[in-house]
There are 2 protein chains.
Amino acid sequence: MGVRALVFDVFGTLMDWRSGVAREASRLLAPYAPGLDAGAFASAWRGRYQPSMETVRSGARAYVDLDTLHAESLPGVLAEFGLDDVPHDVRAELVLAWHRLDAWPEVPAALARLRNRFLLAPNSNGPVRLMVDLARRNGLVFDAVLGAGYSRDYKPKPALYRDAVAAFGFPASETMMVAAHSDDLRHAASHGLATAHIARPREHGPAGGETAPSVPVTYTASDLSDLADRLGCP
Amino acid sequence: MGVRALVFDVFGTLMDWRSGVAREASRLLAPYAPGLDAGAFASAWRGRYQPSMETVRSGARAYVDLDTLHAESLPGVLAEFGLDDVPHDVRAELVLAWHRLDAWPEVPAALARLRNRFLLAPNSNGPVRLMVDLARRNGLVFDAVLGAGYSRDYKPKPALYRDAVAAFGFPASETMMVAAHSDDLRHAASHGLATAHIARPREHGPAGGETAPSVPVTYTASDLSDLADRLGCP
């Protein structure tokens, strides 16, 4: 086995989306919802993520990016929390909350270690600019940005895994998908990629997160720093 | 005017393709062609670049990447130089010459300065892995890799300029195409992008290169360091 390139899930695996969205929701919605449970708001918004992408994955509509899907799903989330009167400009800022996430604490240093040995790219459902904003905010350096923007579709459609392999040009078995989600890794493995599972027990706040993979994987790690150790990165 | 993102032509603008390909051709073909004019060989290969891309641009064939086009045009170039007997493995290595180019001397430091103020991406006819190899070899850091791999077509098709603007998400006028080729800049401007011309008087060796733009541009610079100065980068 000789892994040469790592491609990363981002929301949940590299980024703590729930805390970041909750922070921005709390700040932006304070005038409208003083007692808002901002963590629950973030989770409710994320709950609409898979159904919103399904309209594109099914072919029912042409590819639109995740900012568009977030903007489309936001009114329903606001309504759930009794916040129908939030003005347009605040809604637009809320959509940008997803561009202002913080990485899990060990990620910046661990990714820099991994970059000394491997080619790296996000393989996320977020578009290029969203990935760029998260990378710049957190001081992450990637070699390319793959994923939904590059493939014009959403995981787990085959194009996302096949295009990531083809873009770096190594055999699939030398390209490793890194994710905190067993389903993502199951699909990656079905296309021949190596897989690494990262435990993220707090991804969903009080609702927890995956502490171990539920599918066979090539590597399992307690966090990204542990993965760098296991891959022999100084 | 408020440029926020820079997208770069690569072959000729950031990289000295002729010297790099000549170096590799000289090394790899030494056993077969002791007196080879390696610079002329590089120029002859580059001479087949536009016609080879035209088969994709015209829609006559589906997108294939530049490595494939370079491999397809190589036998004709070898035949021109009386080198029909070069073995398959040497030909495959020759195609990789295009992944082993050196940047023009001022580029690494100038690009690092530009990265402090702007989002950066190559917008080249080379595919992702080729861009990654050149960036790694020369210590360049980009925010994303746009261009032929991202758009599955070749400059100057409109998709290359439109997709680059859309990927970073700024208005076209805040996205600047940087190139040593007036034709590339003319097309970029036709899609509303700002433009910067970089003089590369030695791009084609003894045949010279563009010392000034032949079309109206937003900025003109003697090299990339001069552009960083003109854009006010410390």
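These figures come from a predicted structure and were not determined experimentally. (Residues numbered from 1 in each chain as written. Chains lettered and ligands numbered in written order. Predicted model: local features only at pLDDT ≥ 70, side-chain atom pairs only at ≥ 80, totals over all residues. Heavy atoms only, no water.)

Novice: Residue-level account of the relation of the copies chain A and chain B, with values.
Specialist: One copy of the chain maps onto the other through a rotation about an axis followed by a shift along the same axis. Note on the identical chains: chain A maps onto chain B by a rotation of 180° and an axial translation of 0.0 Å, with an RMSD of 0.0 Å. Put plainly, the chains are arranged around a two-fold axis. Rotation axis and chain A: the residue whose C-alpha lies nearest the axis is A144 of chain A, separated from it by 2.5 Å. When the interface residues of chain A are mapped onto chain B, 100% of them again lie at the interface, so the same face is used by both copies. (Least-squares fit on C-alpha atoms with pLDDT ≥ 70 in both. Contact = heavy atoms within 4.5 Å.)

Novice: Quick rundown of the domain arrangement of chain A? Include the residues and the values.
Specialist: Residue and element names in this part refer to chain A. In terms of domain boundaries, chain A breaks down into domain 1 (5–16 + 101–230) and domain 2 (17–99). Between the C-alpha centres of domain 1 and domain 2 the distance comes to 23 Å. In this assembly, 26 residues from domain 1 lie in contact with 20 residues from domain 2. A combined buried area of about 1900 Å² lies between domain 1 and domain 2, and 56% of that area is made up of carbon and sulfur atoms. Inspection of the domain 1/domain 2 interface yields 1 salt bridge. Where D102 meets R23, a salt bridge forms, and the shortest distance between an N and an O atom there is 3.5 Å. Where domain 1 touches domain 2, the interface holds 12 residue pairs in polar contact (both at pLDDT 80 or more). At the level of secondary structure, the elements contributing two or more residues to the side of domain 1 that touches domain 2 comprise α7 (128–138) and α8 (148–151). Ranked by residues supplied to the side of domain 1 that touches domain 2, first place goes to α7 with 5 residues. (Domains from an automatic or database assignment. Buried area = accessible area lost by both parts, 1.4 Å probe. Salt bridge = Lys/Arg side-chain N within 4 Å of Asp/Glu carboxyl O. Polar contact = N/O pair within 3.5 Å; in protein donor to acceptor, adjacent residues only side chain to side chain. Helix = DSSP H or I, 4+ residues; strand = E, 2+ residues; numbered from the N terminus.)

Novice: Describe the pairing of strand β2 (residues 119–124) of chain A, naming the residues involved and giving the relevant values.
Specialist: Residues and elements named next belong to chain A. For β2, the tally of buried residues reaches 6 of 6 residues, placing the bulk of the element in the interior. Both faces of β2 are covered, namely the face carrying L119, A121 and N123 and the face carrying L120, P122 and S124. Where strand β1 (residues 5–8) meets β2, 4 bridges bridge the pair, whose relative direction is parallel. Its bridge partner lying in β2, F8 is registered against P122. Sheet topology places β2 next to strand β3 (residues 146–147); 2 bridges connect them, and they run parallel. If you follow N123 over to β3, its bridge partner there is L146. (Buried < 20%, exposed > 50% of the residue type's maximum accessible area, 1.4 Å probe, protein only. Pairing = 2+ DSSP bridges.)

Novice: Outline unusual backbone geometry, supporting the account with residue identities and numerical values.
Specialist: Residues and elements named next belong to chain A. Look at the link from K155 to P156: it is a cis peptide, with omega at 5°. By the secondary structure assignment, P156 is in the loop between α8 and α9 (158–168). In the Ramachandran plot, R152 falls in the positive-phi region, its phi being about 55° despite a non-glycine side chain. Looking at the element boundaries, R152 is found in the loop between α8 and α9. Overall, the relative accessible area of 30% leaves R152 in the partly exposed class.

Novice: Tell me what's going on with the environment of D65 of chain A, and back it up with residues and numbers.
Specialist: Residue and element names in this part refer to chain A. With respect to the element layout, D65 can be found in the loop between α3 (49–57) and α4 (66–80). Once the C-alpha coordinates of D65 and G126 are considered, the two residues, 61 residues apart in sequence, prove to be 7.2 Å apart. Leaving out residues up to four positions away in the same chain, D65 has contacts with P127 and Y154. Within polar-contact distance, the side chain of D65 engages the backbone nitrogen of D67 at 3.1 Å.

Novice: Account for the packing of aromatic side chains, naming residues and giving values.
Specialist: According to the stated counting rule, one finds 16 aromatic pairs over all chains in the structure shown. Between Y150 of chain A and Y150 of chain B, the ring centres sit 6.4 Å apart and the planes meet at 50°, which makes this aromatic pair tilted. Note that Y150 of chain A is positioned in helix α8 and Y150 of chain B in helix α8 (residues 148–151), a pairing that runs across two chains. The pair formed by Y150 of chain A and Y150 of chain B is uniform in burial state, with each residue classed as buried. Three or more aromatic residues joined by ring pairs make a cluster, and in this case those are F11, W17, F41, W45, Y49, F81 and W98 of chain A. Its guanidinium or amino end placed over the ring of W17 of chain B, R46 of chain B lies 5.2 Å from that ring's centre, counting from NZ or CZ. Over the ring of Y49 of chain B we find R46 of chain B; its NZ or CZ atom is 3.7 Å from the centre of that ring. (Phe/Tyr/Trp six-rings, centres within 6.5 Å; stacked < 30°, edge-to-face > 60°. Lys NZ or Arg CZ within 6 Å of the ring centre and 35° of its normal.)

Novice: So what's going on with the interface of chain A and chain B? Which residues, and what values?
Specialist: Where the parts come together, the accessible area they lose is often given as the size of the interface. Each partner contributes residues to the interface: chain A has 21 residues there, and chain B has 21 residues. Here chain A and chain B share an interface that buries about 1800 Å² over both sides, 49% of which is from carbon and sulfur atoms. For the pair chain A and chain B, the number of links is 4 salt bridges. Its salt-bridge partner being R152 of chain A, residue D163 of chain B comes within 3.3 Å of it at the nearest N-O pair. The tally of links from chain A across to chain B stands at 16 residue pairs in polar contact (both at pLDDT 80 or more). Sorting the residues of the side of chain A that touches chain B by element identifies α7, α8 and α9 of chain A as the ones contributing at least two each.

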